[in-house]
Amino acid sequence: ALATAMVIESEAYFVAQVATAVATASTNVGSSGVDFSVDNWFDALFTLELNNNEGPFTALLHPQQLADLQDSLRAEAGALQFMPASAELLQVKGQGYSGQFLGVDIYKSSRVTEAGGNKEGGMWGAGAIGFAEGTPNIAYGDVVRPAASPLVVEFDRLASSATTSVVGHYYLGVAVIEQSRLVGIV
């Protein structure tokens with residue numbers, strides 16, 4: 001149970017770091033205090049395409065932004081279709097995957113940053129965001145390294161107080177590599 005909790009928290013931390021990077025987008029679509037809409041979605045796509053980005057694109061939205069987008073879709077006419085995540089896609093793409101709209105994979109997370117009551121999601125193409133993980137070289141104590149994972153788990157025993165602490169470490173850096181490949185969604 002502890003190992004599972006540490007993996008879940010490390011994944012949530014990763015998403016929070018991506019959301020923080022997305023919030024630094026130099027170009028934004030949408031307006032403060034206005035619900036996210038299909039028009040905003042097209043504005044984000046057009047912004048990326050005008051900057052010579054090619055798909056596939058990915059979006060990270062706050063649950064409220066996704067709900068606003070789906071509500072706006074109900075008023076649209078024509079051949080627009082939101083394709084919700086299937087069980088098979090959830091297994092492949094992971095928790096938070098919500099579906100696809102106009103060729104953009106959508107992930108939702110409550111870890112999307114907020115400022116002044118606005119949610120600061122975003123859409124980006126390949127090469128917009130990068131990350132690096134590090135694992136310290138610990139050669140002492142009770143250390144567990146799950147296979148193919150940068151997560152390090154240590155056991156810290158204090159005999160004097162008869163306690164054992166289980167501590168997880170995850171060293172991660174996320175940064176925007178190229179602003180022209182990213183657009184913020186307010």
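Residues numbered from 1 in each chain as written. Predicted model: local features only at pLDDT ≥ 70, side-chain atom pairs only at ≥ 80, totals over all residues. Heavy atoms only, no water.

Peer 1: Kindly report on the environment of leucine 89, identifying the contributing residues and their values.
Peer 2: Tracing the sequence through the fold places leucine 89 in helix α4 (residues 87-93). Residues leucine 89 and alanine 44, spaced 45 residues apart in sequence, show a C-alpha to C-alpha distance of 24 Å. Other than its neighbours up to four places away in sequence, leucine 89 contacts Gly94 and Tyr97. (Helix = DSSP H or I, 4+ residues; strand = E, 2+ residues; numbered from the N terminus. Contact = heavy atoms within 4.5 Å.)

Peer 1: Would you mind going over the pattern of salt bridges in detail, with residue names and values included?
Peer 2: Scanning the entire structure with this criterion turns up four salt bridges. For arginine 74, the salt bridge identified is with aspartate 71, shortest N-O distance 4.0 Å. When its relative accessible area of 72% is taken as the criterion, arginine 74 is described as exposed. For the salt bridge of glutamate 114 with lysine 119, the shortest nitrogen-to-oxygen distance reads 3.2 Å. (Salt bridge = Lys/Arg side-chain N within 4 Å of Asp/Glu carboxyl O. Buried < 20%, exposed > 50% of the residue type's maximum accessible area, 1.4 Å probe, protein only.)

Peer 1: Pulling in residues and values, what's your account of the pairing of strand β11 (residues 152-158)?
Peer 2: As paired elements, β11 and strand β12 (residues 163-169) share seven bridges and run antiparallel to each other. Bridge pairing links valine 153 to glycine 168 in β12. Counting the residues between successive antiparallel strands, the hairpin from β11 to β12 contains four residues, one of them, alanine 162, with a positive phi of roughly 55°. (Pairing = 2+ DSSP bridges.)

Peer 1: Describe the nonpolar core, and please don't skip the residues or the numbers.
Peer 2: Trp41, Leu61, Leu69, Ile106 and Met123 are the most contacted members of the largest nonpolar core, which has 20 residues in total. For this core, the secondary-structure elements that each account for two or more residues are α2 (38-50), β2 (57-61), α3 (63-73), β5 (104-108) and β14 (182-185). With five residues, the single largest contributor to this core is α2. Not counting residues up to four positions away in its chain, the partners in contact with methionine 123 are Trp41, Ala44, Leu45, Leu48, Phe57, Thr58, Ala59, Val104, Arg181, Leu182, Val183 and Ile185. Counting residues in hydrophobic clusters, the runner-up holds 10 residues, among them Val22, Ala25, Trp124 and Ala128. (Core = buried A, V, L, I, M, F, W, Y, C linked by side-chain atoms within 4.5 Å.)

Peer 1: Which residues make up the side chain of serine 10, and what values do they have?
Peer 2: As for its position among the elements, serine 10 is in helix α1 (residues 2-22). Accessibility expressed as a relative area gives 13% for serine 10, which makes it buried. Residues within four places of serine 10 in sequence aside, it is in contact with Leu151 and Tyr170.

Peer 1: Explain the environment of glutamate 49 to me, and be specific about the residues and the numbers.
Peer 2: Checked against the element boundaries, glutamate 49 lands in helix α2. Using a relative accessible area of 43% as the deciding quantity, one classes glutamate 49 as partly exposed. Separated by 11 residues in the primary sequence, glutamate 49 and valine 38 place their C-alpha atoms 16 Å from one another.

Peer 1: Lay out α2 in plain terms, naming residues and giving numbers.
Peer 2: Between its terminal C-alpha atoms α2 stretches 18 Å, which fits the 18 Å expected from 13 residues at 1.5 Å a residue. Measuring from the backbone nitrogen of aspartate 39 back to the side-chain oxygen at the start of α2 gives 3.3 Å, which picks out serine 37 as the cap. Just downstream of α2, asparagine 52 is the residue with a positive phi angle, here 60°. (Expected span 1.5 Å × (residues − 1). Polar contact = N/O pair within 3.5 Å; in protein donor to acceptor, adjacent residues only side chain to side chain.)

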